[in-house]
Amino acid sequence: AWRAMVDECPHRLAPLSEGRVDEVGRIECPYHGWAFDGSTGACAKIPQLQDMGSDSARSRCGGTVVRIVERQGLIWAWGEHGATASAASDESALPL
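Peer 1: I tried to follow the pattern of salt bridges on my own but got confused; where do I start?
Peer 2: For side chains bearing opposite charge, pairing can occur when the charged atoms are close. Applying the stated rule across the entire model yields 4 salt bridges. For R26, the salt bridge is made with D22, and the minimal N-O distance between the two is 2.8 Å. Across the salt bridge formed by K45 and E28, the nearest N and O atoms sit 3.8 Å from each other. Here K45 is found in strand β4 (residues 43-45), whereas its partner E28 is found in strand β2 (residues 27-28), with 17 residues between them in sequence. Among the ionic contacts, a cluster of salt bridges with common partners joins R20, E23, E28 and K45.

Peer 1: So what exactly am I meant to see when it comes to the sheet that holds β4 here?
Peer 2: As a general point, the strands of a sheet are linked pairwise by backbone hydrogen bonds and lie either parallel or antiparallel. Strand order in this open sheet of 4 strands is β1-β2-β3-β4, and the pairing throughout is antiparallel. Both outer strands of the open sheet, β1 (20-21) and β4, are each paired with one neighbouring strand and no more. Alignment of β1 against β2, held across 2 bridges, turns out to be antiparallel. Across the sheet, V21 pairs through a bridge with I27, a residue of β2.

Peer 1: In this structure, what is going on with the environment of A77? I would like to understand it.
Peer 2: Its place among the elements puts A77 in strand β6 (residues 74-81). A77 gets classed as exposed once you look at its relative accessible area, which sits at 55%. Aside from chain neighbours lying at most four places away, what touches A77 is V66, R67 and I68.

Peer 1: What am I meant to see in unusual backbone geometry here?
Peer 2: Among all residues save glycine, negative phi is the norm, and among peptide bonds the norm is trans. A positive phi is found at L13, a non-glycine position, where the angle reads about 60°. Positionally, L13 belongs in the segment before β1. The exposure class of L13 is exposed, given its relative accessible area of 55%. A positive phi angle is found at Q72, which is not glycine, with a value near 50°. Tracing the backbone through its elements, the reader meets Q72 in the loop between β5 (66-71) and β6.

What counts and what doesn't
- Residues numbered from 1 in each chain as written.
- Predicted model: local features only at pLDDT ≥ 70, side-chain atom pairs only at ≥ 80, totals over all residues.
- Heavy atoms only, no water.
- Salt bridge = Lys/Arg side-chain N within 4 Å of Asp/Glu carboxyl O.
- Helix = DSSP H or I, 4+ residues; strand = E, 2+ residues; numbered from the N terminus.
- Pairing = 2+ DSSP bridges.
- Buried < 20%, exposed > 50% of the residue type's maximum accessible area, 1.4 Å probe, protein only.
- Contact = heavy atoms within 4.5 Å.

Right, here's the structure in full:
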């Protein structure tokens, strides 16, 4: 499945596009190696921490995902993000 995130790490705003996808499919920042779940944006790994801490601490470290749709072999990404993006996105505007 395709995933998309805003191209900036929430830690130091490094471009995630210069990073990589790690061995388990997480998006990894090139600056300090933070890793994010591509479907939720949740921070899954901070290499400098021994313990990832509480769920609430990890939730504050997450990246921003955007809604995408695949149509006729093309990937369409919406600029809006968050829970309201999927409800407000009008797929009928896509050229089919």
